[in-house]
Structure formats: structure tokens, C-alpha cells
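For reference, the chains in residue letters:
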Amino acid sequence: FPSRSGELGYVALLNRGYRVSLEGGLSSLTVSIIFDFIALLLLMFLLMAPVLSRWAGGGVMIGSAAMVLIAIAAAWWAWFYLIPALARSGRFRRLGERTRLTARLAGFIGKLAGTAERTRTSGALWQVLGQSAGVRISKYAGFYFLFIGATRALWPEMAALPLWAVLGTLIVSEGAAALPVPAFMSFGLYEAGGTAALALLGFTAANAALAMLVVHIASQAMDYTL
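In this report, the structure presented in the accompanying data block is examined.

What counts, and where the lines are drawn
Residues numbered from 1 in each chain as written. Predicted model: local features only at pLDDT ≥ 70, side-chain atom pairs only at ≥ 80, totals over all residues. Heavy atoms only, no water. Helix = DSSP H or I, 4+ residues; strand = E, 2+ residues; numbered from the N terminus. Phe/Tyr/Trp six-rings, centres within 6.5 Å; stacked < 30°, edge-to-face > 60°. Buried < 20%, exposed > 50% of the residue type's maximum accessible area, 1.4 Å probe, protein only. Lys NZ or Arg CZ within 6 Å of the ring centre and 35° of its normal. Axes fitted to C-alpha atoms, helices over the stretch in contact; angles between N-to-C directions. Parallel < 35°, antiparallel > 145°, perpendicular 65-115°, else oblique. Left-handed = near helix turned anticlockwise from the far one by under 90°. Contact = heavy atoms within 4.5 Å. Nonpolar A, V, L, I, M, F, W, Y, C, P; charged D, E, K, R; others polar. Core = buried A, V, L, I, M, F, W, Y, C linked by side-chain atoms within 4.5 Å. Salt bridge = Lys/Arg side-chain N within 4 Å of Asp/Glu carboxyl O.

Thoughts on unusual backbone geometry
The backbone phi angle of Arg 19 is positive, close to 60°, even though this residue is not glycine. Structurally, Arg 19 is set in the loop between helix 1 (8-18) and helix 2 (22-54).

Examining the packing of aromatic side chains
Throughout the structure, instances matching the rule amount to 3 aromatic pairs. With a centroid separation of 4.7 Å and 55° between ring planes, the pair formed by Trp 76 and Phe 80 is classed as tilted. You can see Trp 76 and its partner Phe 80 sitting in helix 3 (residues 58-88), 4 residues apart, about one turn around the helix. Owing to a relative accessible area of 1%, Phe 80 belongs among the buried residues under this scheme. Centroid distance Tyr 144 to Phe 145: 5.4 Å. Interplanar angle 70°. Geometry classified as edge-to-face. Phe 145 sits in the exposed class, given a relative accessible area of 60%. Each member of the aromatic cluster is reached from another via a ring pair, and the members are Phe 35, Trp 76 and Phe 80. Lying over the aromatic face of Tyr 140, Lys 139 brings its terminal NZ or CZ to 5.8 Å of the ring centre.

Section: the packing of helix 6 (residues 125-151) against helix 10 (residues 205-225)
Running from N to C, helix 6 and helix 10 cross one another at 125°; their axes reach a closest spacing of 9 Å. Judged on the interaxial angle alone, helix 10 and helix 6 are oblique. In this structure, helix 6 meets helix 10 at a crossing whose hand is right-handed. Between helix 6 and helix 10, the contacting residues are Phe 143, Leu 146, Phe 147, Ala 150 and Thr 151 on the first element and Ala 211, Met 212, Val 214, Val 215, Ala 218, Ser 219 and Met 222 on the second. Taken together, the residues of the contact of helix 6 with helix 10 break down into 10 nonpolar, 2 polar and no charged.

Details of the nonpolar core
Among the nonpolar cores identified, the biggest contains 52 residues, and Trp 79, Phe 147, Leu 170 and Leu 198 are the most heavily contacted of them. At the level of elements, helix 2, helix 3, helix 5 (100-120), helix 6, helix 7 (156-159), helix 8 (163-177), helix 9 (189-200) and helix 10 are the ones that each hand at least two residues to this core. Of the residues forming this core, the biggest block, 11 residues, is contributed by helix 2.

Points about the side chain of Ser 132
Along the chain, Ser 132 turns up in helix 6. Not counting residues within four places of it along the chain, the set of residues in contact with Ser 132 comprises Phe 35, Asp 36 and Ala 39.

Describing the pattern of salt bridges
This structure, assessed with the given rule, holds 5 salt bridges. Between Asp 36 and Arg 136 there is a salt bridge; the shortest N-O distance is 2.8 Å. With Asp 36 in helix 2 and Arg 136 in helix 6, this pair connects stretches of sequence that are 100 residues apart. For the pair formed by Asp 36 and Arg 136, the shared burial category is buried. A salt bridge links Arg 88 to Glu 117; the shortest N-O distance between them is 3.0 Å. Taken together, the residues Arg 88 in helix 3 and Glu 117 in helix 5 connect sequence positions 29 residues apart. Sharing partners across several salt bridges, the network here consists of Asp 36, Arg 136, Lys 139 and Glu 174.

Structure representation (C-alpha cells):
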């Protein structure tokens, strides 16, 4: 599904399988995505210094970081401030009194606003950030070793890349996979991002695409087997 819309299955599973309210599931998903991107941004900042001085893809990394920052700011403002403000507005309340459908919509928006307010004032956001950072670090550590294992036999030059170059390649791949383009399990998009990054490091497009395809297939096989 395009633009991470497949993650709505998470909300459906919480609601149908565990009787979590719809607004609770959406809040959990939204906050998870926001803090996942915050953790990703922190990781990108850690990679910035060596990338800017050693890799022609430094501009790509800066542009990616800027887009992630804008997305985080927009999502944070919309979820924690715009929706509560909308729910409190008199015009929105009057709209909810017109028909049964608008009343249900207004009620749902009001519940979302209440969930957002409780989340923002809970004092748990720093804990969530720490958990998100831990997940990101663990994830990319695993992907790093997977990349080394997948490339050291056929492409030892790729396996010899410094840590910042491999992580930068993996981040660009994931960014491409998150584009709002329909793709089965992100195949094609993930490889395109990694191929572009590795090409900037001097590798041929054919070798880069094949290496990223191997990493992608292996990671998916491990993920779904677990």
C-alpha cells in the first residue's frame, strides 16, 4: 500500500483482536510513527559529520534529514495541537449538530483530541523517545551486519565500506521504500534507494541493485519467519 497506509492493519488488529478503541489504536500508531521518525532523525544527525566530508551523497542526507524534520514538525503540530484546537472550536461543534453523520464525526474527532491531550501531558514522551531510539539502533545494527554478510563474498569492496556509508545507504533505501508509491513489500523502491546511494560511492548500478535485493530478500525472510 502507498505511503505506509498498510500500517492501518495494526489499528484493525488492536480493535478487532484486543478491543482497543479506534481512537486509541490511531493514537498509538500516530505517536509510534512520529517518534520513530524522531529517532531516525537523531541517527541521521549522528551520520552527518562524516558524510558531509567524505561522501558525495552528503547533500542527499541533508535533504532527507530536512524532509524528515519538516514531516515531524507537521505531524507533531497536527496531532498534539491542531486536532485538539479543532475539537474545541465552536464552529466544529455546530457542524456536529447538523446531521447524524457529522455528529459521529465530531464525536470521533473529540475522542482523538482527548487521547492526544492525555498523551502530550502524560510525561511519558521522553520514555517513548528512548524506546524508539533503542528500536532504531537495534534495527540498523542488525541491518548493518546483514549487509556485511550479504556482500563480503561477492562484493568485498562493499563489505569494506565504513559504518557511516552502510548506514547512510540503508537509511536512503528505507526512505525510498516509504514513498507514496504502491509496491509489494517495497520491492523495487528499496532497491532503487540503495542503488542510488551505492552509485554515489562508486559502485556499478547492477552490483548495487543486486546487493540491495539480496539484503531485502534476506531481511524479509528473517522478519516473517520470526
